[in-house]
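Chain by chain, the residues run as shown.
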Amino acid sequence: MVSATILLLIPLLPALGALINGVRAAANPVTHKNRTITNAVALGSTGLSALLAAWTVITYVGGGMSSAYQHAYYTWIPAGLGHVGANGIASFAVDFAFRIDTLSCTMLLIVTWIGFLIHVYATGYMAHEEGYTRFFTYLNLFMFMMLLLVLGANYMVMFVGWEGVGLCSYLLIGFYYDKNFAADAGKKAFVANRIGDFGFVLGIFLIFNTFGTADYGKVFALASANPAAYAGIATTICVLLFVGACGKSAQIPLYVWLPDAMAGPTPVSALIHAATMVTAGVYMVVRSNVLFRLSPDAMLVVAVVGAVTAIFAATIGIAQNDIKKVLAYSTVSQLGFMFLAAGVGAFTAAIFHVMTHAFFKACLFLGAGSVIHGCGGEQDMRKMGGLRKYMPKTRMTMLIACIAIAGFPPLAGFFSKDEILATTFEHHGFLYFLGMVAATCTAFYMFRLYFMTFSGDYRAAHVEGHPESEPEHAGHDVIPSHPHLDDGDIHSDKAHGHHVEAHDPHESPWSMTGVLWVLAILAVIGGFVGIPEMFGGAHPTIFQRWLSPVLLPLGGERFEFPEASRMQEALLILSSVAVATLGWFIAFVLYKKDSAFARATRLRLRFAFLHRLLENKYYVDEFYNFVFVGGTLAFSRALSWFDAHIIDGIVNGVRHLTVILFGHGSSLFDKYVVDGAVNGVGYSARGGSRLFRKMQSGFVQNYALVMAGGIVLVAAVYLFTKP
Amino acid sequence: MSPELLVFAIIGTVAVAASILVISMRNPVHSALFLLLTFLCVAVLFVMKGAEFVGAVQVLVYAGGIMVLFLFVVMLINVHHLPDEKVLSNFWKGGFAVGLAVFILFVTLVRPGVYHDPASSDKPLRSTYTYRHRKVKNADGTVTRKLIRRGKVVGNSEAVGMALYTDYLVPFEVASLFLLVAMIGAIVIGKRELSAIEEENIPAYMLERSETEHEVKEAMSA
Amino acid sequence: MPEAIPSTAAYLMLSGTLFAIGLVGVIIRRNMITVLMAVELMMNAVNINLVAFSHRFASLEGQVFTIFIITVAAGEAAVGLAIIIQLYRLKSTINVDEARSMNG
């Protein structure tokens, strides 16, 4: 049986490692040459976590896999205990709970083991870095967050991990925080992620509102039992969730952060932007497959966006000269494939592709890191070439990975891509066509990369005379990408103490090449779990059967894996192999046979406009910069104008009015009214007293006269008016 | 025409004429003498009205005391040397008007026949009888106290004396006290000051007199 | 046939006449002593009035009042003349108009 304690330890160990290394890094920003403790903590925690994950999966499988294992550790948000949701489900409360089912097992194994391998690689790659401990702190923190994401039993815990990996992505992309473009790239990644997260959060709110809970088990059980009731709201929920997935998994229109994220160190690109973080969106969509299946419209949106992204990114990739950029656009394109798979209903194919993609893309990125490391920091493929002589192990592993990603059987990429394309062919012909074109481009640019890097002669001694030289500078990005970016090997360069030109490329140490071999082997054998019936598997395949508990029946209707006739399947396989071969052949013709790339240059000059468009990524960044950034700035300028002129004008106007009204007015009032009254009182007193003073004449006879007159008057009045 | 009426007419006319002269004579001595005449006429009128004691007191006090006092003061002040430029004050117009008004008031108020004079004047004043309180038995047997006239006719003096010392004792004593106070006051006020005369208060016409200068010197040396 | 005697009204009119004359004298004379004399004149007029009423009502009260008035007049005349003497010593004049330092 699965042990809850061990389950909790799986994410907690990397968290602990991050904490320890973090405290050490904060105390000592410049890491000593002796990095034993850092290595021990980081590798130890991750390795132990991987072992515990494997143990958990074994115990789960051994326990029968009858149902998902879920354990709530404590009540995280007890806010709505007692509140009865829309379906009579009491309690809004959110538990901090982990869920082990076949899907999370798959993701768990991928995350922990690939993560461990990349940790090992990084010990070699980052060996000459100053912020070594800080790097491993962030890496461990990322592992913790990613594990929360995949292990979470409800959308809220997943969201915690979701946000956490976004944070770690920002920290790691901007690892070289003293470089402006690295910091900008980190910010761009975080902002793009947040835009997606906005939609994601709204989706979670709607789920709460509709189902009264965010727990996977309860939500999917409700939706599965009564599909008709939720079909209407499901479209909105799914589209919102997919917006989040677009942000995290770099689909159109929020993919722009991924190419710029190559400013981070290469292990980061491998781990986060190839194998694990960017696949979180796919994981989320597959986890919510019940909801998506309720809404064919949402699924269509997912499929279309995925397919368009796949071909869009692939076309950009064929014109890039930075080795990491090619791989970045390749990642975007492959993610598009995964979403295409999810959108047409091939959820298992999507996760299968996640797994195989993790193997070969990580291998490719780490290999590229090895190449860059060996070339002393050079990333421009035009300055590479002929590295097969200097870096044989890297070359072999990268070749294997290129064959895998191109989709040649019997390597892993073939099986996963074939399953995707087969399912797509069943449902949407046009999307299938787009997928095929993207597959062609994939094969082309991958082999272009291979040939430019490893074939021919080493070109770093001179720069090729391209008329539009320095194309990377021509792009007017907000975040310019630097071809000569030393993504971490400045110190290694200085350590070797010589310039790029005079440096012979050398093979990387065993800590790096060993990992490359492991990944390459996985890329070879990894596809066999999904081997289709034609080749000796079963229908459904092992992998499909493995994941089927996640694909709940909808209103009593079980999920059926599409089955095609042998003939159709064979034709599809042949066509996908054919397009892969076509791509390889074009790359061969342009870049291998013609070592001076004369034909490639001619082709480029003939289609100069198109090439420039592709090289500058369809000017999407410029467009965003102009519209969104410029728009925001213009809006803020307008508001500032409004504030300065109108608000301040009103305030100043009120001030003037007050001064006039109360200042002058009151002074006038004081002068004429108040003083007038006071003076008036004085004047009247004086006048009155002057009047009365006359009575006091001092003459006694005057008094006597007045007295007598008064008496006469009184007497007369009294005597003559008596009735 | 009874003798009373004739006497009244003559005495009245003399009194009025004398009083008019009192207030119109320039010389204060003349005014004093005419005032004396007025007093004597008034005394006669008192006697005519049966108030002999009052008449006697009038002559004694007024004519014999007050007038003498007035004359002393007039002489003391050397009045006849003072050149009064004007006799009348500034308020003579108002004065005449008020006087006229008062006169008219009296004339309109005092109407003959209002006072119901008794037909005969032979009835002696009740006061000229002495009275005793006697207990008298009434017809129905009750006993009341009554003032019984004793039948003896006394003179006005005795009657007034009886009244003064019995019914009006307190005012009598107060009057005596008043006289004491007045005497003291007169002495105190009229005392000759030994301080200097304020020269600046002396009006111009006085300074032309040689006697004033002499008096000032006397006063200063005293 | 009853003989005509001066009625009380006649005496009263005489008294009123004397009083009016005295009042006029108080107001119009500039000599202080003459003013005092006019005041005495007024008091005598009042005395006539009182005695006339005393006779009419056969009562002694009027006469008693008259005696008191005479008494008071004597005292008042004495004090008034003392004041006049003192005022003469101060101002060397007995002009009423000169005694107005308390004007205002």
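Everything below is about the structure printed above this text.
Each value, and the rule that gives it
- Residues numbered from 1 in each chain as written.
- Chains lettered and ligands numbered in written order.
- Predicted model: local features only at pLDDT ≥ 70, side-chain atom pairs only at ≥ 80, totals over all residues.
- Heavy atoms only, no water.
- Helix = DSSP H or I, 4+ residues; strand = E, 2+ residues; numbered from the N terminus.
- Buried < 20%, exposed > 50% of the residue type's maximum accessible area, 1.4 Å probe, protein only.
- Contact = heavy atoms within 4.5 Å.
- Areas by Shrake-Rupley, 256 points an atom, 1.4 Å probe, with all protein chains shown as cover.
- Buried area = accessible area lost by both parts, 1.4 Å probe.
- Salt bridge = Lys/Arg side-chain N within 4 Å of Asp/Glu carboxyl O.
- Polar contact = N/O pair within 3.5 Å; in protein donor to acceptor, adjacent residues only side chain to side chain.
- 1 Å grid on protein atoms, 1.4 Å probe; cavity = no way out; pocket = protein on both sides within 12 Å on 5 of 7 lines; lining within 4 Å.
- Points joined across faces, edges and corners; volume = space filled by probe spheres on them.
- Nonpolar A, V, L, I, M, F, W, Y, C, P; charged D, E, K, R; others polar.
- Expected span 1.5 Å × (residues − 1).
- Axes fitted to C-alpha atoms, helices over the stretch in contact; angles between N-to-C directions.
- Parallel < 35°, antiparallel > 145°, perpendicular 65-115°, else oblique.
- Left-handed = near helix turned anticlockwise from the far one by under 90°.

Quick look at the overall build of chain A
And step 1. When you go through chain A residue by residue, the secondary structure sums to 27 helices and two strands.
And step 2. Counting the 723 residues in chain A, one finds 56% classified as buried.
And step 3. Restricting to contacts in chain A with at least 6 residues of sequence separation, those with at least 24 account for 82%.
And step 4. A total of about 29,300 Å² of accessible surface is found on chain A, and carbon and sulfur atoms cover 69% of it.

With respect to the interface of chain C and chain B
And step 1. Counting residues at the interface gives 77 residues for chain C and 98 residues for chain B.
And step 2. Roughly 7,800 Å² of surface becomes buried between chain C and chain B when both sides are summed, with 74% attributable to carbon and sulfur atoms.
And step 3. Between the two partners, chain C and chain B, sit zero salt bridges.
And step 4. On inspection of chain C and its partner chain B, the count reaches 13 residue pairs in polar contact (both at pLDDT 80 or more).
And step 5. At the level of elements, helix 1 (8-28), helix 2 (32-56) and helix 3 (61-91) of chain C are the ones that each hand at least two residues to the side of chain C that touches chain B.
And step 6. At 26 residues, helix 3 of chain C tops the list of elements feeding residues into the side of chain C that touches chain B.

A word on unusual backbone geometry
Residues and elements named next belong to chain A.
And step 1. With an omega of 0°, the peptide bond between Ile252 and Pro253 qualifies as cis.
And step 2. Summarising the element assignment, Pro253 is placed in the loop between helix 8 (227-248) and helix 9 (257-260).
And step 3. In the Ramachandran plot, Tyr618 falls in the positive-phi region, its phi being about 60° despite a non-glycine side chain.
And step 4. One can find Tyr618 in the loop between helix 25 (608-615) and helix 26 (620-695).

Here we look at the interface of chain B and chain A
Interfaces are frequently sized by the accessible area removed from exposure as the parts join.
And step 1. Each partner contributes to the interface: chain B provides 10 residues, whereas chain A provides 11 residues.
And step 2. Across the chain B to chain A interface the summed buried area is about 830 Å²; carbon plus sulfur atoms make up 89%.
And step 3. When the area that chain B buries against chain A is broken down by residue, the three leading residues are B:Phe91, B:Val98 and B:Leu105, summing to 59%.
And step 4. Here chain B and chain A share zero salt bridges between them.
And step 5. Our count for the chain B to chain A interface comes out at one residue pair in polar contact (both at pLDDT 80 or more).

Focus on the pattern of salt bridges
Residues and elements named next belong to chain A.
And step 1. Counted according to the given criterion, the structure contains 11 salt bridges over all chains.
And step 2. Close ionic contact of Asp260 with Lys188 constitutes a salt bridge, the shortest N to O distance being 2.8 Å. Here Lys188 lies in helix 6 (residues 180-211) and Asp260 lies in helix 9, a separation of 72 residues in the sequence. Residues Asp260 and Lys188 agree in their burial class; the two are buried.
And step 3. A salt bridge links Arg194 to Asp197, with the nearest nitrogen and oxygen atoms 3.8 Å apart. Of this pair, Arg194 and Asp197 both sit in helix 6, three residues apart, roughly one helical turn.
And step 4. Judged by its relative accessible area of 4%, Asp197 falls in the buried class.
And step 5. It is possible to trace a salt-bridge network through shared partners that takes in Lys188, Asp260, Lys617 and Asp621.

Remarks on the environment of B:Glu52
Residue and element names in this part refer to chain B.
And step 1. With respect to the helices and strands, the residue Glu52 is situated in helix 3 (residues 52-76).
And step 2. Accessibility expressed as a relative area gives 39% for Glu52, which makes it partly exposed.
And step 3. The spacing of Glu52 and Val160 is 108 residues in sequence and 9.9 Å in space, taken between C-alpha atoms.
And step 4. Discounting chain neighbours no more than four positions away, the residues touching Glu52 are Val47 and Asn156.

A closer look at the layout of surface pockets
And step 1. When its volume is computed, the largest pocket comes out at roughly 810 Å³.
And step 2. In terms of lining, the largest pocket is formed by 31 residues, of which the most central are A:Ala704, A:Met707, C:Val26, C:Val39 and C:Met42.
And step 3. Counting only elements with at least two residues in the lining of the largest pocket, the list comes to helix 27 (700-721) of chain A, helix 4 (92-109) of chain B together with helix 1, helix 2 and helix 3 of chain C.
And step 4. Counting residues per element, the lining of the largest pocket draws most heavily on helix 27 of chain A, at 10 residues.
And step 5. Grouping the constituent residues of the lining of the largest pocket by class yields 29 nonpolar, two polar and no charged.

Regarding helix 14 (residues 323-344) of chain A
Residue and element names in this part refer to chain A.
And step 1. Its 22 residues give helix 14 an end-to-end C-alpha distance of 32 Å, which sits within 8% of 32 Å, the value for a rise of 1.5 Å per residue.
And step 2. Across the 22 residues that make up helix 14, a large majority, 22, are buried.
And step 3. N-cap assignment for helix 14: the residue whose side-chain oxygen lies 3.1 Å from the backbone N of Lys324 is Asp322.
And step 4. The first or second residue beyond helix 14 is Gly345, which carries a positive phi of 105°.

Points about the packing of helix 16 (residues 392-406) of chain A against helix 21 (residues 510-525) of chain A
In a pair of packed helices, the angle between the axes and the distance between the axes together describe the arrangement.
All names here are of chain A.
And step 1. The N-to-C vectors of helix 16 and helix 21 enclose an angle of 25°; their axes lie 9 Å apart at closest approach. By the angle between their axes, helix 16 is roughly parallel relative to helix 21. The interaxial crossing formed by helix 16 with helix 21 has left-handed handedness. On the side of helix 16, the interface is formed by Lys393, Thr394, Met396, Thr397, Ile400 and Ala404, while helix 21 contributes Trp510, Thr513, Leu516, Trp517, Ala520, Ala523 and Val524.

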